[in-house]
Every structure is written in C-alpha cells, then in structure tokens.
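A closer look at the structure
Listed below, chain by chain, are the residues.
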Amino acid sequence: MKYNYDSDLQDVLDQFKEFGVPPIEELTPSNARNAPTLKNAVEEMRINSAVARAAEVAAPPPQMESIKHIRIPTSNGEVLARVYRPTDEDNLPVMVYFHGGGWVIANLDVYEPSCRALASSAECIVVSVAYRQAPENKFPAAAEDAYDATQWVLENTSQLNGDPNRVFVGGESAGGNLSTVACLMAKEKGGKMPVGQVLIYPVTDGRGGYSSYDENAEALPLNKPMMPWFMENYLEDDSQKTDWRVSPILADDLSGLPPAIIVTAEFDPLRDEGAAYAKKLIDAGVSVKEKTFEGVSHEFFGLAGVIDKADEALKFVTEGMETILDTKADATAR
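All of these numbers come straight from a predicted model, not from anything done at the bench.

Let's shift gears to the nonpolar core. Core analysis: the largest hydrophobic core is formed by 64 residues, its most contacted members being Ile72, Val127, Val129, Val153, Leu178, Tyr234 and Tyr277. In this structure, Met45, Ala119, Ala310 and Met321 belong to the second largest nonpolar core, which totals 48 residues.

Laid out in structure tokens, this is it:
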C-alpha cells in the first residue's frame with residue numbers, strides 16, 4: 001500500500017526501513033524494546049549524511065537549564081522521572097508526561113526529543129515518568145502509576161519550583177491514553193485535576209475497529225497488526241478492553257475533565273479514535289482543540305526540528321496550552 005508521506009518524513013522512514021527491523025508483532029517484548037526507533041533513524045542520518053556533516057540534517061536538540069532525575073512515590077513503590085527545566089525561572093508551568101510504546105516498549109530516552117521540544121517551546125518544566133510496563137506489569141499497573149505520579153506532582157509542585165496552578169498532563173500514544181485516564185481517575189477518586197491535557201495520537205479505544213486501522217494497515221512506524229500485540233501484552237484478557245482505564249472513550253461521563261489538546265496524524269491507525277474521543281469530550285462540555293496533521297504518521301511529533309509538520313504540531317500544542325492558561329487566568333480574575 002502506498003502512503004503519500006511528506007518528503008521530509010519519507011526520508012526518515014527510508015532510513016528506518018534500512019535497519020531491517022522485524023515486525024514488532026513477531027518479537028518478544030524484551031527484543032522489541034531493543035528495536036530501533038525513528039529517533040535512531042534521525043541519529044543515523046546525522047552521522048551518515050555528507051550534507052548532515054556540513055550543515056546538520058536538523059537543528060540540535062533544545063538546550064535545557066538542567067535535566068535531573070527524581071523518584072516519585074506511588075501506591076506500588078517508586079517510579080523514576082526525568083525532569084527537564086528549560087530556564088532557571090521559578091513558578092514555571094509543569095507538564096507530567098507519559099511516553100508511548102503501547103505500554104510495553106520504549107522508555108525515557110526514546111521520547112526525550114518530545115520532552116525537550118515541549119519544555120523549550122512551552123517554557124514549562126516537563127516531568128517524564130517511567131511508569132511500569134507490561135507484560136511484567138499488566139494492566140492496570142501503568143494507569144495506577146500515571147494517576148499516582150500526576151497526583152504527586154500536583155501536590156508537590158513547589159519541590160520542582162513550578163506553579164501548582166499550571167500543571168498539565170500529556171503524552172503520546174499509550175502515554176496519551178495514560179494522561180486522560182489519570183484525569184478520569186482523579187474525577188473518580190476526588191483527586192486534584194490538571195489544568196489541561198495534551199493528547200498526542202492517543203489510544204482511546206482498545207477495541208480498535210476504526211476505518212483508520214484498515215486505511216493504515218501497513219503504515220510506518222505503527223500499523224494494524226501491531227495493535228493486537230500491544231493489547232495482548234498489556235491486558236490480562238480481552239474483556240479488559242472495555243474498561244474505561246483502557247478505553248477512556250467508553251467512560252460513562254467525561255464531563256468535568258480539563259480542556260484537551262488532541263493531535264492526530266493522517267497515516268496512523270489511531271487517527272479516528274483520537275478524533276472520536278475529541279467529539280465525545282466536546283459533547284460532554286469539555287473544551288477541545290483538535291487537529292489532524294496530513295502527510296505524517298504515528299510518532300511524527302517527536303521529530304520537531306527534523307520535519308516541518310512536527311514543528312507545526314509543536315506550535316499547535318504550545319498555543320493551545322497558552323490559551324488554556326489565559327482562559328484560566330481570565331476566569332480567576334473575574
């Protein structure tokens with residue numbers, strides 16, 4: 001099947017294909033965690049390209065004032081988090097961030113480009129959480145860690161020199177799922193609520209079955225055959241697909257959740273469920289800013305500085321966060 005990827009993304013995908021990665025769904029989780037990613041493809045392009053040696057394939061990653069690690073206590077022990085601080089200013093906004101990888105693969109390093117870009121563009125502290133992964137830790141381990149970590153940051157923002165009234169939650173793919181699930185759990189448990197949620201091509205319906213699954217059955221780097229593999233490793237059994245902590249679109253009531261910024265990609269199996277979740281949030285009275293970026297695929301967001309649409313998506317998210325904060329400030333001033 002032919003996909004008309006934007007030319008700059010096609011270059012990255014061509015390099016990715018050169019790695020000869022076996023299909024993820026044919027690997028064990030431990031082997032899949034060692035498979036190369038689009039981040040590795042960009043790094044290889046920088047090393048091997050004569051043009052890159054002369055002028056760089058892309059701008060260098062945004063510099064941070066500091067990158068430190070903290071341990072966040074949860075109801076199931078501690079999780080490690082990497083804290084990105086773009087400047088030495090106090091009372092910056094904060095984002096609790098959850099990486100993608102289908103709750104099974106990837107780690108803090110794989111998604112570092114996204115965290116650096118968000119910290120720099122939105123001038124916020126990013127707290128990237130290393131939640132427990134399946135199949136060693138099946139559902140609902142990741143969801144519980146996401147909720148506990150979000151609540152800890154909301155309650156301990158001063159330790160990060162951040163503003164407790166400007167805490168967002170966000171993430172990509174499975175991390176987008178965990179972000180909105182953390183908000184739903186806060187609603188159910190009476191916990192503190194973030195000021196906004198940033199959902200980048202989120203998993204919102206574990207049942208799948210959307211048209212975008214068939215349209216993008218062979219897309220890269222995420223395609224239709226991979227999703228059952230992720231679900232099989234994440235869940236104890238298929239009956240859990242209808243649990244709202246797996247499929248937040250099935251929650252009985254989405255009202256009262258924080259404003260959402262939702263980014264989806266044209267050539268992504270998750271495109272339609274992200275759009276469907278945006279509609280359901282709007283129907284529940286939640287403010288939503290949603291956009292599908294054409295010519296790109298899953299994982300494009302982490303390529304800011306490399307492909308144009310990633311830069312556009314980063315700006316879309318940053319402006320959306322600013323709008324949420326401005327609206328909150330106006331409401332507080334009344």
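Quick look at the pairing of strand β4 (residues 125–129) now. Along β4, five of the five residues are buried, which leaves the element largely enclosed by surrounding structure. Side chains Ile125, Val127 and Val129 of β4 all project onto a buried face; the interleaved residues Val126 and Ser128 project onto the opposite face, where all are buried too. Where strand β2 (residues 77–85) and β4 come together, four bridges link them in antiparallel fashion. Among the inter-strand pairings, alanine 81 is bridged to a residue of β4, identified as valine 129. In terms of strand pairing, strand β3 (residues 92–98) meets β4 through five bridges, oriented parallel. Looking at the pairing, phenylalanine 98 lines up with valine 129 of β4.

This next bit is on the pattern of salt bridges. Overall, the coordinates contain 20 salt bridges when judged by the stated rule. Among the salt bridges present, the one from lysine 315 reaches glutamate 319, with a minimum N-O distance of 4.0 Å. Here the residue lysine 315 and the residue glutamate 319 both occupy positions in helix α11 (residues 308–333), the gap between them amounting to four residues, near one helical turn. A single salt-bridge network, built from bridges that share partners, covers Arg82, Asp109, Glu112 and Arg116.

The subject of this paragraph is the state of the cysteines. Summed over the entire model, instances satisfying the criterion amount to zero disulfides. Its sulfur unpaired, cysteine 115 is 9.4 Å from the next cysteine sulfur, which belongs to cysteine 124. The class for cysteine 124 is buried, based on a relative accessible area of 0%.

Read from one edge of the open sheet, eight strands run β1-β2-β4-β3-β5-β6-β7-β8, paired in mixed fashion. This sheet does not close on itself; its edge strands, each paired only once, are β1 (66–74) and β8 (288–297). Strand after strand, the sheet turns through a mean of 20° between neighbouring axes, direction not considered. Bridging between strand β7 (residues 260–267) and β8 involves seven bridges; their strand directions are parallel. Bridged to isoleucine 261 within β8 is lysine 289. Against the sheet, helix α10 (residues 271–283) engages β6 (196–200), β7 and β8, with an angle of about 155° to β7. Along the sheet, α11 makes contact with β3, β5 (162–172), β6, β7 and β8, crossing β8 at roughly 175°.

A cis geometry characterises the amide bond from alanine 134 onward to proline 135, with omega recorded as 5°. The residue proline 135 is located in the loop between β4 and α6 (141–155) in this model. Residue leucine 220 is joined to proline 221 through a cis peptide bond whose omega torsion reads 0°. The backbone phi angle of asparagine 91 is positive, close to 60°, even though this residue is not glycine. Mapped onto the elements, asparagine 91 comes out in the loop between β2 and β3. You will see that tryptophan 103, though not glycine, has its phi angle at about 65°, which is positive. Mapped onto the secondary structure, tryptophan 103 falls in the loop between β3 and α5 (112–122). The class of tryptophan 103 is buried, set by a relative accessible area of 0%.

Below, the discussion takes up the packing of α6 against helix α7 (residues 174–189). Viewed as axis vectors pointing N to C, α6 and α7 meet at an angle of 70°, and their least axial separation amounts to 9 Å. Judged by the angle between their axes, α6 and α7 are roughly perpendicular. In this structure, α6 uses Ala142, Ala143, Glu144, Ala146, Tyr147, Thr150 and Gln151 to contact α7, whose residues at the interface are Leu178, Val181, Ala182, Met185, Ala186 and Lys189.

What counts and what doesn't
Residues numbered from 1 in each chain as written. Predicted model: local features only at pLDDT ≥ 70, side-chain atom pairs only at ≥ 80, totals over all residues. Heavy atoms only, no water. Core = buried A, V, L, I, M, F, W, Y, C linked by side-chain atoms within 4.5 Å. Buried < 20%, exposed > 50% of the residue type's maximum accessible area, 1.4 Å probe, protein only. Helix = DSSP H or I, 4+ residues; strand = E, 2+ residues; numbered from the N terminus. Pairing = 2+ DSSP bridges. Salt bridge = Lys/Arg side-chain N within 4 Å of Asp/Glu carboxyl O. Disulfide = S-S within 2.5 Å. Axes fitted to C-alpha atoms, helices over the stretch in contact; angles between N-to-C directions. Contact = heavy atoms within 4.5 Å. Parallel < 35°, antiparallel > 145°, perpendicular 65-115°, else oblique.

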